[in-house]
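# Breakdown of the fold
The residues making up each chain are set out below.
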Number of protein chains: 2
Amino acid sequence: MSIDSASAREARPRAAKPKKPPIKKSEATRARILDAAAYVFRRKGYAHARLSDIAKKARTQTSSIYYYFESREAIVSEVLRIANEKTASYVNAAISEQPVGATARERITAAIHGHFRIVLSDNDYTSAHMRIFDQIPEKLQEHFLKVLDQNAGIWRDLFDAARAEGAIAPDVDLSVLRLLLLGMMNWSIEWFKPGRMSVDQIADQAARLFFDGAGPPRAPAP
Amino acid sequence: MSIDSASAREARPRAAKPKKPPIKKSEATRARILDAAAYVFRRKGYAHARLSDIAKKARTQTSSIYYYFESREAIVSEVLRIANEKTASYVNAAISEQPVGATARERITAAIHGHFRIVLSDNDYTSAHMRIFDQIPEKLQEHFLKVLDQNAGIWRDLFDAARAEGAIAPDVDLSVLRLLLLGMMNWSIEWFKPGRMSVDQIADQAARLFFDGAGPPRAPAP
DNA sequence: GTCTATATCAAGATAGAC
DNA sequence: GTCTATCTTGATATAGAC
């Protein structure tokens, strides 16, 4: 079974028949199942999510799921693929909203805001990804670790540019810095409760911590 | 079933009988089961850990486990209790190793080192705690969230002292700061691989990031 | 305290009618 | 494409001999 099998279905162009609706029913059902799976995985984790839970949420039957996916694993694989796609495009969008002449610091700040927004959004796909990643079969984990590492490329580029501009001190290890920052952001799903502070306020605090630290200002070396 | 049922067994003093070894066999077996449980939970997560895996690792029988614990849940509860105990005492020890006149910054730095050491140690209990927390039954989660919050008291005290000393800028939100820091540290278990950098080197980078940020030094306001 | 055997149950997956 | 019925497997938990 290919990891991408579920995603390989494309809306194939067909001879124009005015009466046909643009979205086929089967596509809609498949989408409902995926949405339901993301919903259930987010709330119950991978191991405790039953196909019957997913079927119920998708308003269909457990056995009907097998018409669309060949196994439980195929479903989770597709959910994770979509989650990664969403995260990457979200962070990329946040960065490219910055004006052309923006400094590296401004672009990193924008990326931090984008990442917090997606992590703390009510998006079931990305939340499910965080929650279930270390419960899925090893094979899938290995595959998606590669995807994750590819997506980290955007951060590496950002950090390299920041160093070149002098926005990151020369004696800081860029890899560790990136991993510490991502951890700070990703872990927020464990404690964030809407209400006291907005997502953007938290992102501001994090960006400030990232560049300036929590301590008082200190003079540059003479 | 009380959450503490498993821990309630104490080495009860008994009339001195020189021949008796100080550690009863049953205590040793129980400890072996707990060690094995921590080992398996760490590697497989909660849901995928089978009692038979634990029994095998503990060199006993699945059914024998029920002589020591009344359920799977009782085992995990005891593992988590021990994990919390270890973490708290580790961080506390790191702090109290500092000399009496140490600054808040020095004590926080020491605590950061202590926390990284326990998170990235090869201790199965604390690693298992990180891995399985969001897979355990809700009732247990609620209980241990309270324990976690109690343990966070040490960080709150540290931060309050730092603010009083001016080591943390006045416009930083202390709660968010603490949660961001803990996330940065806790997430490290996801990416740390022994080799390139030591745990203490990572802790140094984190402490520096925490107080001074990754950016270049900036002048204090005049 | 430990072992063998087994009851019980839940969940993924499949068959085949409609 | 969807439904009912069922197969199959694997895991927790218990009974009872030793």
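- Chain A is annotated in an unreviewed UniProt entry as TetR/AcrR family transcriptional regulator of Alsobacter soli.

### Considerations on the interface of chain A and chain B
- Contacts between the two partners involve 39 residues from chain A and, on the opposite side, 39 residues from chain B.
- The residue makeup of the side of chain A that touches chain B, split by class, is 24 nonpolar, 10 polar and 5 charged.

### Some words on the protein's contact with DNA strand D
- Taken together, 17 residues form the shell around DNA strand D, and within it Ser26, Gln61 and Ser63 of chain A together with Leu51 and Ser63 of chain B come nearest.
- Broken down by secondary-structure element, the contributors of at least two residues to the surface near DNA strand D are helix 1 (25–44) and helix 3 (62–68) of chain A together with helix 2 (51–57) and helix 3 (62–68) of chain B.
- Of the residues assigned to the surface near DNA strand D, the class counts are 3 nonpolar, 10 polar and 4 charged.

### Focus: the protein's contact with DNA strand C
- Within the structure, DNA strand C sits among 17 residues, and Leu51 and Ser63 of chain A together with Ser26, Gln61 and Ser63 of chain B are positioned closest to it.
- In the surface near DNA strand C, the residues fall into 3 nonpolar, 10 polar and 4 charged.

### Observations regarding the UniProt feature "domain: HTH tetR-type" (unreviewed entry) in chain A
- Taken from the UniProt record, the annotation "domain: HTH tetR-type" (unreviewed entry) applies to residues 27–87 of chain A.
- End C-alpha atoms of residues 27–87 of chain A are separated by 23 Å, and the span's content is 79% helix alongside 0% strand.

### Considerations on the nonpolar core
- If you look at the biggest cluster of nonpolar residues, it comprises 63 residues, and the most contacted ones within it are Ile112, Leu180 and Ala206 of chain A together with Ile112, Leu180 and Ala206 of chain B.
- In this structure Ala206 of chain A touches Ile112, Phe116, Met184 and Met185 of chain A together with Leu180 of chain B, once residues within four positions along its chain are discounted.

### Some points on the packing of helix 4 (residues 72–96) of chain A against helix 6 (residues 124–132) of chain A
All names here are of chain A.
- Following both chains from N to C, one finds helix 4 and helix 6 inclined at 110°, their axes separated by 8 Å at the closest point. The angle between helix 4 and helix 6 places the two elements in the roughly perpendicular class. Helix 6 is crossed by helix 4, and the crossing has left-handed handedness. For the pair helix 4 and helix 6, contact is made by Val79, Leu80, Ile82, Ala83, Lys86 and Thr87 and by Tyr125, Thr126, Ala128 and His129, respectively.
- In terms of residue class, the contact of helix 4 with helix 6 is made up of 6 nonpolar, 3 polar and 1 charged.

The rules behind these values
- Residues numbered from 1 in each chain as written.
- Chains lettered and ligands numbered in written order.
- Predicted model: local features only at pLDDT ≥ 70, side-chain atom pairs only at ≥ 80, totals over all residues.
- Contact = placed C-beta atoms within 7 Å.
- Nonpolar A, V, L, I, M, F, W, Y, C, P; charged D, E, K, R; others polar.
- Near = placed C-beta within 6 Å.
- Helix = DSSP H or I, 4+ residues; strand = E, 2+ residues; numbered from the N terminus.
- UniProt positions renumbered as here; feature names shortened; annotations may be inferred.
- Core = buried A, V, L, I, M, F, W, Y, C linked by C-beta atoms within 7 Å.
- Buried ≥ 20, exposed ≤ 12 C-beta atoms within 10 Å, placed from the backbone.
- Axes fitted to C-alpha atoms, helices over the stretch in contact; angles between N-to-C directions.
- Parallel < 35°, antiparallel > 145°, perpendicular 65-115°, else oblique.
- Left-handed = near helix turned anticlockwise from the far one by under 90°.

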